[in-house]
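Descriptive structure summary
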Amino acid sequence: MMFDEHNEITDPILVRLRNLDKLREKGIEPYKKKFVRTHLISEVRKDYENIEPGTETGVRVSCAGRILALRTHGKATFADLKDGSQKIQLFASLNQLGEEEYELFTNLDIGDIIGVEGTVFKTRKGELSIKLEKFEILSKSLRPLPEKWHGLKDVEIRFRQRYVDLIMNEDVKQVFYTRSRIISLIRKFLDEKGFIEVDTPMLHPIPGGATARPFITHHNALDMDLYLRIAPELYLKRLVVGGFEKVYELNRNFRNEGISVKHNPEFTMLELYQAYADYLDMMDLIEELVTYVVQEVKGTLEFEYQGIRLNFNRPWRRLTMVEAIKEIACENVSFETDIETLRQVAKKYGADVKPYYGKGKLITEIFEKAVESKIAGPMIIYDYPVEVSPLARKKEDNPDVVERFEVIVAGREIVNAFSELNDPIDQAKRFYEQVKLAEAGEEETQRFDYDYVRALEYGLPPTGGAGLGIDRLVMLLTDRYSIREVLLFPHLRPEEPEEDPVIERAKNDDEIR
RNA sequence: GGGCCGUUAGCUCAGCUGGCAGAGCAUCGGACUUUUAAUCCGAGGGUCGGAGGUUCGACUCCUCCACGGCUCACCA
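Model, not experiment: these values are computed from the prediction. Within each chain, residue numbers correspond to sequence positions counted from 1 in written order. The lettering of chains begins at A and the numbering of ligands begins at 1, in the order of writing. Totals for whole chains, interfaces and linings use every residue, but because this is a predicted model, local features are given only for residues with pLDDT of at least 70 and side-chain atom pairs only at 80 or more, for both listing and counting. The side-chain values count all of the structure's non-hydrogen atoms but skip hydrogen atoms and water molecules.

Okay, the overall build of chain A next. We count a stretch as a helix when DSSP gives it H or I for four or more residues in a row; a strand needs E for two or more, and each element gets its number in order from the N terminus. Scanning chain A from N- to C-terminus turns up 16 helices and 19 strands. A compact globule built from 513 residues would reach a C-alpha radius of gyration of about 24 Å, whereas chain A, at 30 Å, exceeds it by more than 25%. Principal-axis analysis of the C-alpha atoms gives chain A an extent of 90 × 60 × 50 Å. A simple rule labels every residue: compare its accessible area, found with a 1.4 Å probe on the protein chains alone, to the largest value its type can have, and call it buried under 20%, exposed over 50%, or partly exposed in between. Going through the 513 residues of chain A one by one, you find that 49% of them count as buried. Two residues form a contact once any of their heavy atoms are found within 4.5 Å. Long-range pairs, those at least 24 residues apart, make up 66% of the contacts in chain A between residues at least 6 apart in sequence. Just so you have it, chain A exposes about 26200 Å², and 49% of that area is on carbon and sulfur atoms. Positive charges come from Lys and Arg, negative ones from Asp and Glu, while His and the chain ends are left out of the count. Lysine's charge is taken at NZ, arginine's at CZ, aspartate's at CG and glutamate's at CD. Looking at chain A, you have 74 positive and 91 negative side-chain charges, and the mean spots of the two groups are 3 Å apart. Each radius of gyration reported is based on C-alpha atoms, and the globular scaling rule is 2.2 Å times the count of residues to the power 0.38. Per-residue and other accessible areas follow the Shrake-Rupley method at a 1.4 Å probe size, with only the shown protein chains counted as cover for residues.

Below, the structure is given as structure tokens:
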């Protein structure tokens with residue numbers, strides 16, 4: 001019900017629409033195009049935070065921001081103003097503003113965006129404030145903000161209307177400042193090492209570079225299906241063939257898989273490739289990169305993630321997959337173990353063992369089910385089975401495994417890296433093995449990419465490559481349990497449009513016109 | 001996709017074994033020139049997520065649906 005028995009408007013949006021109308025009746029335009037401010041609120045705070053209570057600086061400043069609280073006391077009113085940098089108290093008095101302006105100020109709604117001009121002073125209670133001389137409504141807010149004390153907690157509203165979450169929850173805003181910082185630190189680190197950032201296609205005719213189900217889309221003019229990329233890997237290595245010896249791409253991948261606390265359909269990856277390097281060089285580079293970022297962001301290399309103690313001091317512990325299984329799960333398995341035993345062990349840990357799984361896949365299953373989640377880390381797990389690594393170079397003294405490693409932190413993979421397979425004949429064989437697996441019924445396999453093999457035929461220098469999951473790194477450094485907390489707009493099902501009095505108003509205006 | 005849990009005023013939440021729908025904040029009206037979760041007086045505000053069903057009677061029990069959370073599976 002939007003009207004009560006006295007025919008008063010009770011719907012909060014209608015109340016605010018009425019307030020908007022009142023402003024327009026007074027000839028005040030509530031949506032301005034520009035406001036020149038002299039100070040960010042943080043600058044005012046920085047310059048005058050230390051003045052004594054009761055001090056009038058006489059210094060004039062103009063600031064702008066959103067009203068988050070209003071405390072009226074008859075002929076004087078306090079308000080909290082928040083801009084992108086900080087919050088400050090405003091003091092408005094009838095004396096200073098005059099009757100008309102003062103009434104306008106007390107009738108502001110919480111959430112309104114205003115520009116102010118006044119002098120800096122500190123109240124007797126020691127609150128740094130701006131004594132208003134002038135103010136201007138810059139944007140009228142038509143929707144009530146959540147309650148000031150409990151704030152916004154409803155997770156669904158927080159994600160659907162992230163803008164409200166960001167207004168209300170400073171810690172959420174900090175997560176995204178940190179995210180931005182992490183990304184720019186990574187770019188800075190790689191740029192200084194002589195890497196160049198490149199943009200390769202997001203629309204792939206063949207989804208490659210990873211094992212995952214792709215999103216399919218369609219190009220109308222060419223009448224062809226295209227896939228949103230699942231990884232940029234094959235394009236980046238083509239660039240190494242072309243002579244870019246240090247390249248990286250830091251951008252989105254798309255995978256048509258389940259959504260969970262660790263998975264979003266689109267997520268951000270860093271992939272980097274360095275010519276004339278191998279996976280051991282990648283271990284060093286990744287250790288250096290990650291410890292640099294951790295130190296810059298956390299100020300220390302030892303911290304807790306969700307109660308798990310992490311220690312990023314170098315060198316990180318390095319174990320082969322088989323060693324890790326032995327040490328952490330106390331299972332003595334290897335490529336020497338007969339396949340039936342491997343199957344039994346894998347099943348024991350809950351793996352869904354398919355008949356066509358070879359020893360390598362079974363060992364990987366055992367590692368993932370029995371070991372991975374128990375590692376605090378960071379720990380480097382290396383010597384991955386060739387069976388699960390179709391793009392990595394085989395180890396010279398052991399053809400069962402490849403020169404590949406993953407970095408595990410808090411039970412999760414955050415880095416995957418290897419010496420790139422640069423033998424075109426071997427690569428073609430691996431693609432054929434993937435095709436055979438697909439025929440055997442494996443749902444997720446890599447597709448045969450003829451042009452990629454052709455590129456290798458020209459000669460890919462020995463190359464080391466690595467991929468780093470940015471979202472997961474951000475989760476670690478911001479201590480967030482869910483990936484949604486580090487994505488500004490995590491994927492959600494569409495909602496039913498709610499009734500919106502503002503849109504109703506717009507429709508009615510149209511009818512009048 | 002499976003399992004478990006949740007959805008009550010603008011927000012945060014109560015609401016017992018089925019019996020008149022509640023609080024705080026916000027809003028509206030009034031008082032108040034140093035408050036800061038301002039205070040004081042007064043008032044209004046609900047399709048109890050949606051649709052069915054059981055019942056004399058459903059926020060409460062049952063079924064289905066929607067959305068969300070956690071979890072398992074696929075995956076990073």
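Let's pick the thread back up.
What follows concerns the protein's contact with RNA strand B. Whether a residue is near a molecule or strand depends on its heavy atoms: it is near if one of them lies within 4 Å of it. Among the 56 residues in the neighbourhood of RNA strand B, the closest are listed as K125, K148, E156, H263 and Y481. Of all RNA strand B atoms lying within 4 Å of any protein atom, the proportion belonging to sugar or phosphate reaches 64%. In the analysis that follows, any N or O atom pair within 3.5 Å is treated as a polar contact, provided that within protein one partner can donate a hydrogen and the other can accept it, and provided that, for residues neighboring in sequence, both atoms belong to side chains. K153 is positioned with one of its backbone polar atoms (N or O) 3.1 Å from a phosphate oxygen of RNA strand B. Interatomic distance of 2.4 Å between a side-chain N/O atom of R472 and a sugar or linking oxygen of RNA strand B. Elements supplying a minimum of two residues to the surface near RNA strand B: α1 (12–25), β1 (56–73), β2 (76–82), β3 (87–93) and α5 (155–160).

Okay, the side chain of T119 next. With respect to the helices, strands and loops of the structure, T119 is situated in strand β4 (residues 113–122). The class of T119 is buried, set by a relative accessible area of 9%. For T119, the contacting residues outside a window of four places in its chain are G58, V59, R60, S129, I130, K131 and E133.

What follows is about the sheet that holds strand β8 (residues 216–219). One requirement defines pairing of two strands: DSSP has to find at least two bridges between them. Taken in spatial order, the 3 strands line up as β7-β9-β8 in an open sheet, and their pairing is antiparallel. Edge positions in the open sheet fall to β7 (203–204) and β8, since each of these has one partner strand only. Where β7 lies against strand β9 (residues 224–228), 2 bridges are found, and the strand directions are antiparallel. Note that in β9 the partner of H204 across the bridge is Y227.

For salt bridges, the criterion is a side-chain nitrogen of Lys or Arg within 4 Å of an Asp or Glu carboxyl oxygen. Under the defined criterion, the tally for this structure stands at 43 salt bridges. Between D165 and R158 there is a salt bridge, with its nearest N and O atoms 2.9 Å apart. The burial state of D165 is the same as that of R158; both residues are buried. R318 serves as the salt-bridge partner of D284, at 3.2 Å between the closest nitrogen and oxygen. On the criterion of sequence distance, the pair formed by D284 in helix α9 (residues 279–298) and R318 in strand β14 (residues 317–320) is long-range, its members being 34 residues apart. In this structure D284 comes out as partly exposed when scored by relative accessible area, which is 36%.

Two rings belonging to Phe, Tyr or Trp (six-membered ring only in the last case) form a pair when the distance between their centres is within 6.5 Å. Interplanar angles under 30 degrees mark stacking, angles over 60 mark edge-to-face geometry, and anything in between is tilted. For the structure on display, the rule yields 11 aromatic pairs. With a centroid separation of 5.9 Å and an interplanar angle of 80°, the aromatic rings of F312 and W316 are classed as edge-to-face. Across the pair, exposure class does not vary: F312 and W316 are buried alike. Considering the side-chain rings of Y432 and F448, the 4.8 Å spacing of their centres and the 55° angle between planes classify their relative orientation as tilted. Taken together, the residues Y432 in helix α13 (residues 424–440) and F448 in the loop between α13 and α14 (450–458) connect sequence positions 16 residues apart. Note on Y432: relative accessible area 47%, which makes it partly exposed. The criterion is that NZ of a Lys, or CZ of an Arg, lies within 6 Å of the ring centre and within 35 degrees of the ring normal, and then a charge sits over that ring. Taking the ring centre of F121 as reference, the NZ or CZ of K131 above it sits at 4.7 Å. Cation over ring: R238 sits above Y235, and NZ or CZ is 4.7 Å from the ring centre.

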